[in-house]
Every structure is written in C-alpha cells, then in structure tokens.
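# Summary of the model geometry
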Amino acid sequence: MTKTALAIHGGCGVMAKLDLSEADWAAARADLGRSLKAGWAVLTSGGSALDAVQAAVVVMEDSPYFNAGYGAALNANGEHELDASIMDGATLEAGAVTLVRRIRNPVKAARRVMEKGEAVLMGGTAADDFAKAEGLDIVEPTYFTTEKRVKALAAMKAHAAAGTAAKASESEKHGTVGAVALDAVGHLAAATSTGGYNNKPAGRIGDTPIVGAGTYARDGICAVSGTGKGEFFIRYAVGHEVASRIAYLGETLEQSAAKVIQEDLKPHNIGAGLVAVCADGSITAPYNTDGMFRGWVTPEGEFFVATHVEVFKLPADA
Ligand code: ASP
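This structure is a prediction, so every number in the text was calculated from the model and none was measured.

## Some points on the site of the ligand
Around the ligand, the neighbouring residues are His174, Gly175, Thr176, Thr194, Gly196, Arg204, Asp207, Thr227, Gly228 and Gly230. One nitrogen or oxygen atom from the side chain of aspartate 207 is found 2.7 Å from a nitrogen atom belonging to the ligand. Of the residues in the shell around the ligand, the class split is no nonpolar, 8 polar and 2 charged.

As structure tokens, then:
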C-alpha cells in the first residue's frame, strides 16, 4: 500500500488581502476545506484517485468563491463558456469538455467523455447535449452568474476602454479550480475546471480542457492541475512539462514545478500556479501571484488551506 495524498487549488486569481472581508475569506477557506474533505473521504474509504479529484472539484464548482461552475467568469458577450478535464494516470485515459454552457458540473461531463471513450475532448452545444443524454444535471446558463462576476466584467471592460487592462488585479482577470490525488494502490489522477478569464473573447478555449497543458496525470510520475493565463500553459504544455522534467531529468516534483512556474512562465508577466502530487505522495503548490487558493492533506490526515502566505490548519471536525 502506498500513502495517499490530495491537493487542491481554487485558482491563482486571488484578491489582495484587503479587498475581501475576513468573513468572505473565511467562507472561501471553509469551501476549500469541504473540497478536501470530499476528496479525502473517497481516498480513505479505499476509493480511486479519479473519484477523489472529481469529488473535490465538484465542491469548488458549486462554490461561488471560485471561477468554475457556479460563480464562473463571464466572456466578453456576458456569457459563460466553461471548460473542464479529468485524467487517469493509471491508463492515461482522459476526458474534457469545452465551451459548455448548461452543465452544472462540467468535471462530471469530462469524466463521462472519458468513460464513453469515443472522444477525449467535446465542445459546445454538442457537449451540453451529450451531458444531458448522460443524465447529468442541466441548468440555465444564468445559474452560473453571480453579482461579483457581473461587476468584474464591467470593471474589466472599463479597464479595456481606458487601456489599463494589464493593471487589473489577478482576481479581476481569472481563476480556476483543480485537484490532484494519489490513491492507496498508487494510482494518480488530476482534474481541472474553469470559467476561463474574465472578458475573454467568445469561443476562446484555455488550457483547462487541454490534456498535457492544464491537466496531466501519469502513474509513476505525477499528477498536475494548473491555473493562470491558459495560453501560456498551452504553449509550454505545462502539465506534461512538469512530468517530463521528473521522468527525464530526474528532478524532484518541487524542482520541476518551480522551474516551470517561476523560470519559464513568470518572465511573461502572467499569473500562474499549479498543484501537483508525485508518485511518492509528495505535494507542491507553487504560484507567482500574490496568492493562490489551495489546500492539501498530509499522510496523517491533517488538513491545511491557504490563500496567501499564511497557512491555516483546519480543525479535525471542521
Ligand atoms: N487557466 C484558466 C484559463 O486560462 C484561467 C485561470 O486559471 O486563471 O482558462
């Protein structure tokens, strides 16, 4: 039996500490804790890494504090186009959906795409229809809209009109949720879900549904879920790059992930972060922004969540 491990992120589009009330921070941390608990419950009851990452991501998709599912970012037309993916490190099977508008939990649709086995990536209305036919929860597109995202879109459009888009805060720009896990029989899995970036062009597809970029898992090496400016994650094939540096160069998980986030991506002046778990159960969560919503569980079953530098240990009964 190997040791189990779980890590999650709620995106590197984190607000400056002062811009959010302590009550909102506490609520976001509580949702991170619920996500960890959902994933950890799967792992400790002998479930698969795949089920664990899906369970953890579903909780964050249902939370308004993160840019995925309910509370997702709006595109330039004021509409939601959601992306998600999931990957099984044991078989290298993967599933993803992009530009979906009616699936309550896009990660569940990604899983169904994977299990069906006829495609890796499905997009647009056909993917919405597929999810419906598979019996998943279908919602009106407005279900995903929160007041915070409407305001953020207006703010970003004002920035764009004034030519100050580059000055927008990371939280005004983007966010994503993701999870990585190692289960008791040594299998790795990763899942990621996002609304993309605020005010993105209609039809834009980011890294989240691109296997090898925003999501990657391979048994014996690592599982990775990314957050940040997706175009760069695609160009650097970030998930696969992190795994390759470990496999071919013999780097540790921490060295490999830090190299990609801090040395490859940071010079582009874009927000970037990831969570990753190695085949030995080690976890890393580097980011180059002010903060990244994140959490992890130690092999002893201790839960930790963080938004900025400070790390909070959750009480066992939280
Ligand atoms: N990676 C996401 C995308 O580009 C956004 C983010 O994580 O902030 O769609």
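Once you've had a look at it, read on.
## Let's talk about the UniProt feature "active site" (unreviewed entry) in the protein chain
The UniProt feature table records "active site" (unreviewed entry) at Thr176. As for its placement among the helices and strands, threonine 176 is situated in the loop between α6 (170-173) and β5 (177-182). For threonine 176, a relative accessible area of 5% translates into the label buried. What threonine 176 contacts, discounting residues up to four positions off in sequence, is His9, Gly10, Gly11, Asn67, Thr192, Ser193, Thr194, Thr208, Gly226 and Thr227.

## Quick word on unusual backbone geometry
A positive phi angle is found at leucine 92, which is not glycine, with a value near 65°. In this structure, leucine 92 sits in the loop between β2 (82-88) and β3 (93-100). A positive phi angle, near 55°, is found at asparagine 269, a position not held by glycine. Structurally, the position occupied by asparagine 269 is in the loop between α9 (253-265) and β9 (272-278).

Parameters at a glance
Residues numbered from 1 in each chain as written. Predicted model: local features only at pLDDT ≥ 70, side-chain atom pairs only at ≥ 80, totals over all residues. Heavy atoms only, no water. Near = heavy atom within 4 Å. Polar contact = N/O pair within 3.5 Å; in protein donor to acceptor, adjacent residues only side chain to side chain. Nonpolar A, V, L, I, M, F, W, Y, C, P; charged D, E, K, R; others polar. UniProt positions renumbered as here; feature names shortened; annotations may be inferred. Helix = DSSP H or I, 4+ residues; strand = E, 2+ residues; numbered from the N terminus. Buried < 20%, exposed > 50% of the residue type's maximum accessible area, 1.4 Å probe, protein only. Contact = heavy atoms within 4.5 Å.

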